[in-house]
Amino acid sequence: MRIKAAKLTKKNRTIEWRSHEPSRLETFSDAVFAFAVTLIIVSLEVPKSYADLFETMKGTFSFAVCFAILFSIWNNQNIFFRCYGLNDSLTVALNAALLFVVLVYVYPLKFLFNLVFFSNQYEINGTLKEMISDNNVPDLMLIYGAGYSIYNLLFYLMYANAIKRREEVNLTESELFETRTVGYMFLICVFIGLTAITLAQLLPLKYAGLSGYFYAVIGPAYFVWYLYRTKKKRKRFPATA
């Protein structure tokens, strides 16, 4: 089935699929991602009252964002293995590190987006308490930014390893160009994450949370980078652009 799907979508791909069946490494990775999704699910119990149902549904938005982030990471990993089919020791190690980061950052992600979508309060024994103080905001942005930067760095290293093994993978010059394009985009995202961390540490405490808006740069960065690389590819490979 995957081979047939690969043939149907071949025209839309800039890098040929070299792996059509999931390896044991990918199967294990899928299980880890499934477990991560389970950890962020809105509730593991059936609501016993309308009030419980309402509280459960309030978590839908934060769950949706966390799910979208996890799905994006899984999709990037899936594309990598489909395109290169690598199972060397370095790829295995980098993938293991990626899965570790995903599991470690599940709860920080859920906490962050619960904070974004709801007020900075939670109730315990009928008493409202503050979820986070201004003094802790820089640390929270550090935690989130570090996770974002690390996972992009790991993807960059995976693509760098694919470039290093280009003869083993049989990459064409056009595919090598595309591999570098994707790899460097992950590296750009690393610098975006590090910049957001720096802003969180430098801004006054009451404005530290605004450093999170710097991640809005990701969209324009993708657009500018791929626009630049597309123009360069048309000049270098006019037959394939």
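So, here is what we can say about the structure in this document. Only a predicted model underlies this, so the values are computations on that prediction, with no experimental measurement involved. Per-chain numbering applies: the sequence of each chain, read as written, is numbered from 1 onward. This being a predicted model, a pLDDT of at least 70 is required before a residue's local features are given, and a value of 80 or more before pairs of side-chain atoms are given or counted; all residues contribute to the totals for chains, interfaces and linings. For side-chain calculations, the full set of non-hydrogen atoms in the structure is used, while hydrogens and water are omitted.

### Focus: the overall build of the protein chain
Secondary structure assignment for the protein chain yields 10 helices and 2 strands. The helix and strand labels rest on DSSP assignments: H or I over at least four residues marks a helix, E over at least two residues marks a strand, and numbering proceeds from the N terminus. Each helix and strand of the protein chain, ordered N terminal to C terminal, gives the series α-α-α-α-α-α-β-β-α-α-α-α. For each residue, the accessible area found with a 1.4 Å probe, counting protein chains only, is set against the maximum for its type, and the residue is called buried under 20%, exposed over 50%, and partly exposed in between. The buried share of the protein chain, reckoned over its 241 residues, is 37%. Any two residues whose heavy atoms approach within 4.5 Å are treated as being in contact. Within the protein chain, contacts between residues at least 6 apart in sequence are counted, and of these 74% link residues at least 24 apart.

### Focus on the nonpolar core
Only buried Ala, Val, Leu, Ile, Met, Phe, Trp, Tyr and Cys residues count toward a nonpolar core, and they belong to the same one when joined by side-chain atoms within 4.5 Å. Residues I73, F80, Y84, Y151, F155 and Y215 are the most contacted members of the largest nonpolar core, which totals 53 residues. Every element with two or more residues in this core is listed here: α2 (24-40), α4 (60-84), α5 (89-104), α6 (106-117), α7 (137-164), α9 (173-202) and α10 (218-236). If one sorts the elements of this core by residue count, α7 sits on top with 12 residues.

### Focus: the packing of aromatic side chains
Centres within 6.5 Å are what make two rings of Phe, Tyr or Trp a pair, Trp counting through its six-membered ring; a difference in plane orientation under 30 degrees is then read as stacked, over 60 as edge-to-face, and the rest as tilted. Scanning the model with the defined rule gives 18 aromatic pairs in all. Centre to centre, the rings of F67 and F71 are 6.4 Å apart; their planes meet at 20°, and the pair counts as stacked. Within this pair, F67 and its partner F71 are both found in helix α4, separated by 4 residues, close to a single helical turn. Among the residues examined, F71 registers a relative accessible area of 45% and is labelled partly exposed. Ring-pair connections join several aromatic residues into one group, and the members of that group are F80, F81, Y84, Y144, Y148, Y151, F155, Y159, F186 and Y215. The criterion is that NZ of a Lys, or CZ of an Arg, lies within 6 Å of the ring centre and within 35 degrees of the ring normal, and then a charge sits over that ring. Above the face of the F177 ring, R229 is positioned so that its terminal group lies 3.9 Å from the ring centre.

### Re the environment of G193
Take G193: it is sitting in helix α9. Taking the relative accessible area as the measure of exposure, G193 reaches 0% and is therefore buried. When neighbours within four sequence positions are excluded, G193 is seen to be in contact with G145, Y148, S149 and Y215.

### Some remarks on α5
Because an α-helix packs 3.6 residues into every turn, residues spaced three or four apart end up facing the same way. When the terminal C-alpha atoms of α5 are compared, their 23 Å separation across 16 residues agrees well with the 22 Å that a helix rising 1.5 Å per residue should span. Among all positions of α5, only T91, L94, N95, L98, L99, V101 and V102 are buried. Projection of α5 onto a plane perpendicular to its axis shows the buried side chains occupying an angular sector of 160°, all on one side. The exposed set on the far side of α5, more than 90 degrees from its buried face, consists of S89 and F100. As for α5, its buried residues are in contact with α2, α4, α6 and α7. Polar contact is defined as a pair of N or O atoms within 3.5 Å, subject to the rule that within protein one atom must be able to donate a hydrogen and the other to accept it, and that residues adjacent in sequence are counted only when both atoms are side-chain atoms. Two or three places before L90, at the start of α5, stands the capping residue D88, its side-chain oxygen 3.2 Å from that residue's backbone nitrogen. Each helix should span, by expectation, one fewer than its residue count multiplied by 1.5 Å. As used here, the arc belongs to the directions running from the helix axis to the C-beta atoms.

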